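Residue-level structural notes
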Amino acid sequence: MMNTLHALLNQDEFLSRHIGPDEAERKAMLHAIGADSLEDLINQIVPEAIRSAEPLGLAAPMSEVDALAKLRALADQNEVRKSYIGMGYYPTHVPHVILRNVLENPGWYTAYTPYQPEIAQGRLEAILNFQQMTMDLTGLDLASASLLDEATAAAEAMALAKRMSKNKKSELFYVADDVFPQTLDVVKTRAEQLGLEVLVGPAKEAADHDIFGALLQYPNQLGSVEDYQTLAEAIHAKKALVCVASDLLALVKLQAPAQWGADVVFGSAQRFGVPMGYGGPHAAFFATRDAFKRSMPGRIIGVSKDTRGKPALRMAMQTREQHIRREKANSNICTAQVLLANMASFFAVYHGPEGLKRIAERTHRLTSILAAGLMQRGVATVNSSWFDTLTLQVSDRDAILARADAAGINLRTDLAETLGVSLDETTRPEDVALLWNVLLGEGHGLTVDAVDEMVDTILDPKLVRSTPILTHEVFNRHHSETEMMRYLRKLQGKDLALDHSMISLGSCTMKLNAAAEMIPVSWPEFANLHPFCPQEQAKGYRALVKTLSDYLLEITGYDALCMQPNSGAQGEYAGLVAIKKYQESIGQGHRDICLIPSSAHGTNPASAMLASLKVVVVASNRDGTVDMDDLRAKAEEHSERLSCIMVTYPSTHGVYEEQIGTICDLIHEHGGQVYMDGANMNAQVGITSPGLIGSDVSHLNLHKTFAIPHGGGGPGMGPIGVKAHLAPFMAGHAVVKTGDEHQNNGAVSAAQYGSASILPISWMYIVMLGARGLTESTQVAMLNANYLATELGKHYPILYTGRNDRIAHECIIDLRPIKEETGVTEMDVAKRLMDYGFHAPTMSFPVAGTLMIEPTESEAKGELDRFIHAMINIREEIAMVGRGEWPADNNPLCNAPHTLDDIVDPAFDSRPYGREQAAFPVAELRDNKFWPTVNRIDDVYGDRNLFCACVPMDAYQD
Ligand SMILES: *Cc1c(COP(=O)(O)O)cnc(C)c1O
């Protein structure tokens, strides 16, 4: 009886939904690759010496329903109060049409960074809208496709100013004392690492110093809107750059900062319809002058054209950034905040210029009404001008706070002797009346209507915007919900995401992002908390962070975890900072060499640069492993100055290095630390761990291994795990003091727990899979990868294999010999895969001319077979080109991808292959065809004719 019931209950397990292949499929695949069982396969792959002796000390798998109930209990410990705290985070109404069709829609959130632009035109258009919106509101020439948060954007602005200022000898960056404290915190951390000096003082004294740049905030943190024109001129006279932190909603009302001299304008786009989420994720916007375009950090979307001459979007000027320029890159940004940037741009599309002006005007007017009432009753504001924020000089602070507490509202309290109130899109007249009750006590006799009649404009007309905004058609035609829904659907339909087919991008771990994992992100208890709300209101979040940290410590074998970094690359930076601070603490602060194998991800050297480490490249062997002789020689040569090694494990070549233990020992013998890049944790979980192997610190990409979706290029979370000796040197935070130790270190993100509101996803993932499911996921990830390697290996050379000719969780197929023989390139194969309904694997990383394939555990055998079938067919097409049956310059490969425009083009008749061959090369496609919406895009044209704003509609008519 019990047994029967148990078997019935087990059917509810999430585990069998997350892992693609069922028992029968696993058996078939094991048979195909010649392994007896999953255990046998793992024994063949993973070196004995590093295998965990014990299973993970985590609970058993849990059903979706049970796990959601368990998480609900944590959510209920959060208390959502009305927040007037401001400080860069504001309540907003997420338009429901955007909530449902974007944030909660796998068509949007499961896409990857648009490296294959022909199947990403939808989100590329949305990001282009984001750039256009940023340019309109800041008044600058060029905007980027999003940065991680306002504070890191400030650090990037400082770095840009240092690169571009003509005052080359200055190392001094001036920060106005009225910028948000978390912004200053992150800027200081970065400056310290870069060896720059930060001077904090009154804004008006910025030009009194020999500086390369100054950071102003507009409106400043007290709420006031200052006229900075003269100051900006004085700063320019010093050959320094004017960097300005600003606010999108304020900029709807205020004059664009570029008009009074700003060179860089950045800030958070959160209040454009993205929930506060206890700190994130949100997009930061960043804009600068055209003259500084080569110095711009992060990604930029640009307009180019396809082979038919049609406008087509793609990432522009990629050679500036980490994956190409490595340690010479402008920034280490890889994963950014694309999903949130898209939400913000859709907010602008939906409301349009008039809607945004209404929201801004209302927010401003209610603030003015609030202020006028307070002044009538004798409460003075510290700021004499404002957009939405008042800083109040109060005599009875404690009584007010008691009334606020009773009324269930949060005010800004971190500045001594004053209280701050920031209004927002959601504020209603009743809220202003309630705020009077709280701030003045009952019986104040004010009514909103009466005060409204007396309110005068307080903004200097010179500071009020006179130029139109968002004049482009896209911001002026999707204002009904029907129109908006269809616009979102139209864009979604242009993009290939996980809801269509497998995305086998090596190193990116595109696994299932389960609905049960995603649902809690929208729960108000997670979505609507202000990151700086009183700690008692965030007990649920604290418990979530604590339990998730404990799980991750168990999985990684580390001693302490820092949940602050917003991406893998930020984790690298945070980890390197911890290493440097540790070494300083033991009198080894002179160590400044970072060894990085040649196969490393571009973020590794770029992050090392941010920590002022000198990168020394270590060679790889032909088999993809670290060249031990070279490593020994370089460690020896730089022994005195060796700070650390950054090593990815299993290697980016997709194999387990046998000698990883030796590598760790060697580095430690020379006094260095081991930074293990955790991007490949999907091959370790439950089987081995960085801590066990002997590493000192790693970041985890929660958006790879732990099921957070990629969002089309972000969000992500890159917490770092460290051994005990590094724990005292992990990031702290200027505003939120959690009571944990080590709080005096500088911050690396604006919010204490980074993008806290996506942590429930990884929490759900781990809780639902449990110890057994996590381990099984790793095993099946390796089974799927080896199955692909075995089957594809019959048709393409597999570049590297490890022990027993196996690979780990990803494999590289080498297209160079094929290219040599036939002229068909890896690019042709990548584009041709689109015709077969697939996103290409990772192209030319870590080795040029190759494709790196990572199927993950979530893909069932049927999907793998479909992919294999496509690749075999493509191999036959290549052979036809090789045999001269198709000309080298006119065949289905070099003409890929094929669009409907091709198919209906009468000129198609002159091609040496038919329409059927072009669009339906395998029968399955008849049932499920994905049509790329543009032909192959001309990258060179796009970079030569850089254009990063919305394309006028008539450009689309030919
Ligand atoms: C993805 C990746 C990174 C960078 O992570 P982001 O979150 O994109 O910053 C670093 N190293 C490796 C090996 C990766 O695959």
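Bear in mind the structure is a predicted one, so any value in this text is a computation, not a measurement. (Residues numbered from 1 in each chain as written. Predicted model: local features only at pLDDT ≥ 70, side-chain atom pairs only at ≥ 80, totals over all residues. Heavy atoms only, no water.)

**Considering helix α3 (residues 23-33)**
The set of residues buried in α3 consists of Arg26, Met29, Leu30 and Ile33. Viewed along the axis of α3, the buried residues span an arc of 100°, placing them on a single side of the element. Facing away from the buried side of α3 by over 90 degrees, the exposed positions are Ala24, Lys27 and His31. Of the surrounding elements, those touching the buried residues of α3 are α4 (38-45), α27 (759-792) and α30 (861-882). The N-cap residue of α3 is Asp22: its side-chain oxygen and the backbone nitrogen of Ala24 are 3.2 Å apart. Residue Gly34 follows α3 closely and has a positive phi angle near 80°. (Buried < 20%, exposed > 50% of the residue type's maximum accessible area, 1.4 Å probe, protein only. Helix = DSSP H or I, 4+ residues; strand = E, 2+ residues; numbered from the N terminus. Arc of directions from axis to C-beta. Contact = heavy atoms within 4.5 Å. Polar contact = N/O pair within 3.5 Å; in protein donor to acceptor, adjacent residues only side chain to side chain.)

**Considering the side chain of Glu859**
Its place among the elements puts Glu859 in the loop between β24 (850-853) and α30. Although Glu859 lies buried, it forms no salt bridge, and the closest oppositely charged side chain, Arg866, sits 7.8 Å away as judged by the N-O distance. For Glu859, the residues in contact, after removing those within four places along its chain, are Gly20, Pro21, Leu498, Met502, Asn784 and Leu864. (Lys, Arg positive; Asp, Glu negative; His and termini not counted. Salt bridge = Lys/Arg side-chain N within 4 Å of Asp/Glu carboxyl O.)

**Observations concerning the packing of aromatic side chains**
The tally for this structure, following the rule as stated, stands at 20 aromatic pairs. For the pair Phe346 and Tyr487, a centre-to-centre distance of 6.2 Å together with 85° between the ring planes defines the contact as edge-to-face. On the criterion of sequence distance, the pair formed by Phe346 in helix α14 (residues 338-376) and Tyr487 in helix α18 (residues 481-493) is long-range, its members being 141 residues apart. There is no split in this pair, since Phe346 and Tyr487 are both buried. Relative to Phe526, the ring of Trp523 lies with its centre 6.0 Å away and its plane at 10°, an arrangement referred to as stacked. Comparing Trp523 with Phe526, the two get one shared label, buried. (Phe/Tyr/Trp six-rings, centres within 6.5 Å; stacked < 30°, edge-to-face > 60°.)

**A word on the site of the ligand**
Neighbouring residues of the ligand: 14 residues in total, closest Thr335, Ser507, Asp677, His703 and Lys704. Contact between the ligand and Ser507: an oxygen atom at 2.5 Å from a side-chain N or O atom of the residue. Here the ligand loses 99% of its free accessible area of 380 Å² to cover by the protein chains. For the shell around the ligand, the element with the most residues is helix α22 (residues 568-585), which contributes three residues. Its residues assigned to classes, the shell around the ligand shows three nonpolar, eight polar and three charged. (Near = heavy atom within 4 Å. Areas by Shrake-Rupley, 256 points an atom, 1.4 Å probe, with all protein chains shown as cover. Nonpolar A, V, L, I, M, F, W, Y, C, P; charged D, E, K, R; others polar.)

**Describing the nonpolar core**
Met133, Leu215, Phe272, Phe346, Leu595, Leu631 and Ile766 are the most contacted members of the largest nonpolar core, which totals 248 residues. Ranked by the residues each element gives to this core, the list is headed by α27, at 19 residues. Of all hydrophobic cores here, the second largest spans 28 residues; its members include Cys562, Tyr573, Ala608 and Met730. (Core = buried A, V, L, I, M, F, W, Y, C linked by side-chain atoms within 4.5 Å.)

**Some words on the UniProt feature "modified residue: N6-(pyridoxal phosphate)lysine" (unreviewed entry) in the protein**
What UniProt calls "modified residue: N6-(pyridoxal phosphate)lysine" (unreviewed entry) maps, in this numbering, to Lys704. Those residues in contact with Lys704 that lie beyond four places of it in its chain are Ser507, Cys508, Thr509, Lys511, Ala679 and His710. (UniProt positions renumbered as here; feature names shortened; annotations may be inferred.)

**Thoughts on the sheet that holds strand β23 (residues 842-843)**
The three strands lie next to each other as β22-β24-β23, forming an open sheet whose pairing is antiparallel. Sheet topology places β22 (811-814) and β23 at the edges, where each strand pairs with a single neighbour. Two strands pair when backbone bridges link them, and β23 and β24 are joined in this way by two bridges, in the antiparallel orientation. Bridge pairing links Met843 to Leu851 in β24. (Pairing = 2+ DSSP bridges.)

**Here's the deal with the side chain of Thr389**
Within the secondary structure, Thr389 is located in strand β12 (residues 389-393). In terms of polar contacts, Thr389 uses its side chain to reach the side chain of Asp388, at 2.7 Å. A distance of 2.7 Å separates the side chain of Thr389 from the side chain of Ser422, its partner in a polar contact. Once residues within four sequence positions are removed from consideration, Thr389 is found in contact with Gln221, Leu222, Gly223, Thr367, Asn383, Val421 and Ser422.

**Section: the packing of helix α24 (residues 628-637) against helix α25 (residues 660-669)**
Taken N-terminus to C-terminus, the directions of α24 and α25 make an angle of 10°; their axes are 10 Å apart at the nearest point. Taken as axis vectors, α24 and α25 run roughly parallel relative to one another. When α24 is examined against α25, the residues Met628, Leu631, Arg632 and Ala635 are found in contact with a partner set consisting of Thr662, Ile663, Leu666 and Ile667. Residues of the contact of α24 with α25, tallied by class, amount to six nonpolar, one polar and one charged. (Axes fitted to C-alpha atoms, helices over the stretch in contact; angles between N-to-C directions. Parallel < 35°, antiparallel > 145°, perpendicular 65-115°, else oblique.)

**Quick notes on the sheet that holds β12**
An order of β11-β12-β14 is seen for the three strands of this open sheet, with the pairing classed as antiparallel. Looking at the sheet topology across the chains shown, the edges are occupied by β11 (380-381) and β14 (418-422). Direction of pairing for β11 relative to β12: antiparallel, over a ladder of two bridges. Across the sheet, residue Thr381 finds its bridge partner in β12, namely Leu392.

**Overview of the pattern of salt bridges**
Across all of its chains, the model carries 50 salt bridges by this definition. Residue Arg81 pairs with Asp405 through a salt bridge whose shortest N-O separation is 2.7 Å. Highlighted residues: Arg81 in the loop between α5 (64-75) and β1 (82-83) and Asp405 in helix α15 (residues 397-407), separated in sequence by 324 residues. Accessibility expressed as a relative area gives 17% for Arg81, which makes it buried. Classification of Asp405 by relative accessible area gives partly exposed; the value is 45%. Of the charged contacts in the structure, one is a salt bridge between Lys546 and Asp550, with a shortest N-O distance of 2.8 Å. Taken together, the residues Lys546 and Asp550, both in helix α21 (residues 539-556) and four residues apart, mark about one turn of the helix. Classification of Asp550 as partly exposed rests on a relative accessible area of 35%. One salt-bridge network, in which partners are shared between bridges, spans Arg308, Asp902, Asp905 and Arg911.

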